[in-house]
Amino acid sequence: MITFFTENSSDILLKTWEHFYISMIALLLGVLIAVPIGILLSKTKYVAKVVLSITSVLQTVPSLALLAIMIPLLGVGKVPAIVALCIYSLLPILNNTFIGMNSVNENTKGAGIAMGMTTMQSIILVELPLAIPVIMSGIRLSAVYVISWATLASYIGAGGLGDFIFNGLNLYQTELIVGGAIIVTLLALLADFLLGKLEKWVTPKGLKIEGGRTS
Amino acid sequence: MLKIENLTKVYRGGKVAVDQLNLDINQGEFIAFIGTSGSGKTTALRMINRMVEPTSGKMTLNDKDITKMNPVTLRRSIGYVIQQIGLMPHMTIRDNITLVPHLLKWSKEKKDETARRLIELVNLPPSYLDYYPAQLSGGQQQRIGVLRALAANQDIILMDEPFGALDPITRDTLQDLIKDIQQRLNKTVIFVTHDMDEAIKLADRIAIMHEGKLIQFDTPDNILANPANDFVKEFIGSHRLIQQKPNIKTVDEVMIKPISITIEKSLDEAIRLMVEKRVDTLFVTDGDNRLQGYLDVESFTGARKTKKSVSECYEKDIFYVKTGSKLQDSVRRILKRNLKNIPVVDEEHRLVGLVTRANIVDIVYDTIWGEEEETVQNKKELMSE
């Protein structure tokens, strides 16, 4: 096992970087697409039902199948892998953005509107800051999913840590499979940890104070 | 100032929430909308800032047609206080107070200055400006809720049962505070409540609503004296109709001359004055006879050895009523706070009189055994001696 890490150290670094970068681009695209759509959906409850059911159906397509479908559409390599992973990351982010925006206290929202906020101001000044913790937990969930699914991206030639695992399967070398899996797990944990930090940082200070009353 | 004509709201499904409402409200008036739940009072209020769109009718604010104004601009010019307070939990108290100025794009300096000036108005320290709503009690939060409705110099303020969720003592304090601010700043306030005591205490005129219709719109005194119909009579409650009977209406008619001492006098002089006038409380005033606090027998205990002058040991926390206020309110305050007496001050905060528990006994006596003016008069003289 240790020999696996020592012998392939440069290869491991390269593959880990590849894996990380495929996942993060997919996640970033997912965030850029899902958060604005989630916000729009929270304003139109009827459309929201339809869109959210469609994305849940997309989520049930087996990941390997989705990757395979990408080949006739986009060929092989990193691009189809990123597109497929991005589609996977959509649902948790979309769902949480929608829930987060809807769970903002009606009285708080109402007060903002009654003070003379436009819809846009209400979103930026009130709803988004208050929904941030819920949206961020959706992003964290997606990050973990995407990193573990990115392993399969190796199957359509995107590289990443999946290469070790598939090689291990083909050559029947357990340490390649286990070693690859360990790094993927660590990467997922690390991403979750870092995003957790980010979540704390972007959560408005007033929301972290609970009941610590003075007077 | 605000004119409402034939205002009607019919909800989908045909429920008539407000039916042909007509009201004419003057600048600086305190108006209470009162009624049972479902009477349309809140709907009527929310149509004024167009949180609810009217079905038909006309509303003009300073001769401008409300229904033709941009709702966003309109709402920034009307203060709004809600029962659930609705402060922004992620914003500091400062940002909450200056929310509307922020929307109006005031400069930072002007916003800061406004926040500092306003927080003093509700007796909270300026250090609270950097706190978050979660760090404040419900009563303190609602004080901020009130300030938020004042920050952009709104002339008219709508309040939707603002004190409904507070405990009775906090509610009482806030009622006094809001009435004081309203009079001092000459604001027009429209206040929704289901509490008749609150309406009588605060309002210049009360609009009684029932099933979407305006039943009576008049001053509290006139409503109590001439209820429009049986519904109003029942709504007011018989106990209040009895309370209203005595001829005595304001504190000025029953108050006696208080014994006061100016702030720079020594304690020895204070004690000599107490003995001479046979009283246990002296009211402390400044050179202009402005009320500063009080000094009672208990203030002397132990203090005399170390302290020499009145200014060192008088009590600054004092409850008072303004001249011209209703006797009922003063009585209620005395009883509620368990005070021995309550001083009366004029507009400049000058001490002009005193209402004591003995006065109240007189009033009760008067109410129960009729108008024996002479006896009461004699008693009053006895007491002031």
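Residues numbered from 1 in each chain as written. Chains lettered and ligands numbered in written order. Predicted model: local features only at pLDDT ≥ 70, side-chain atom pairs only at ≥ 80, totals over all residues. Heavy atoms only, no water.

- Under an unreviewed UniProt entry, the name given to chain B is Quaternary amine transport ATP-binding protein, and the source organism is Ureibacillus galli.
- Heading Subcellular location (unreviewed entry) of the UniProt record for chain B holds this comment: "Cell inner membrane".
- The Catalytic activity (unreviewed entry) field of the UniProt record for chain B holds the comment "a quaternary ammonium(out) + ATP + H2O = a quaternary ammonium(in) + ADP + phosphate + H(+)". (UniProt positions renumbered as here; feature names shortened; annotations may be inferred.)

- The name that an unreviewed UniProt entry assigns to chain A is ABC transporter permease, with the source organism given as Ureibacillus galli.
- Word for word, the UniProt comment on chain A under Sequence similarities (unreviewed entry) is "Belongs to the binding-protein-dependent transport system permease family."

## Details of the packing of helix H6 (residues 138-148) of chain B against helix H7 (residues 168-185) of chain B
A packed helix pair is summarised by two numbers, namely the angle formed by the two axes and the spacing between the axes.
Residues and elements named next belong to chain B.
For step 1, the next point in the chain: In contact at an axis separation of 10 Å, H6 and H7 are set at 20° when each is read in the N-to-C sense. Here H6 is positioned roughly parallel relative to H7, judged by the angle of their axes. Considering the relative orientation of H6 and H7, their crossing is right-handed. Each of Gly 139, Gln 142, Arg 143 and Val 146 in H6 lies in contact with H7, whose residues at this interface are Thr 170, Thr 173, Leu 174, Leu 177 and Ile 178. (Axes fitted to C-alpha atoms, helices over the stretch in contact; angles between N-to-C directions. Helix = DSSP H or I, 4+ residues; strand = E, 2+ residues; numbered from the N terminus. Parallel < 35°, antiparallel > 145°, perpendicular 65-115°, else oblique. Left-handed = near helix turned anticlockwise from the far one by under 90°. Contact = heavy atoms within 4.5 Å.)

## Brief notes about the UniProt feature "domain: ABC transporter" (unreviewed entry) in chain B
For step 1, the next point in the chain: Mapped onto this numbering, the UniProt entry annotates "domain: ABC transporter" (unreviewed entry) at residues 2-236 of chain B.
For step 2, the next point in the chain: Taken end to end, residues 2-236 of chain B has its terminal C-alpha atoms 26 Å apart, with 37% of it in helix and 26% in strand.

## Focus on the domain arrangement of chain B
When the parts of a complex come together, some accessible area is lost, and that lost area is often taken as the interface size.
Residues and elements named next belong to chain B.
For step 1, the next point in the chain: For chain B, the domain assignment lists domain 1 (2-243) and domain 2 (251-384).
For step 2, the next point in the chain: In this structure, domain 1 and domain 2 have C-alpha centres spaced 34 Å apart.
For step 3, the next point in the chain: Of the roughly 850 Å² buried at the junction of domain 1 and domain 2 (both faces included), carbon and sulfur atoms supply 36%.
For step 4, the next point in the chain: At the junction of domain 1 and domain 2, the tally comes to one salt bridge.
For step 5, the next point in the chain: Its salt-bridge partner being Asp 180, residue Lys 322 comes within 3.0 Å of it at the nearest N-O pair.
For step 6, the next point in the chain: Across the contact surface, domain 1 and domain 2 share one residue pair in polar contact (both at pLDDT 80 or more).
For step 7, the next point in the chain: At the level of elements, H7 and helix H8 (196-202) are the ones that each hand at least two residues to the side of domain 1 that touches domain 2. (Domains from an automatic or database assignment. Buried area = accessible area lost by both parts, 1.4 Å probe. Salt bridge = Lys/Arg side-chain N within 4 Å of Asp/Glu carboxyl O. Polar contact = N/O pair within 3.5 Å; in protein donor to acceptor, adjacent residues only side chain to side chain.)

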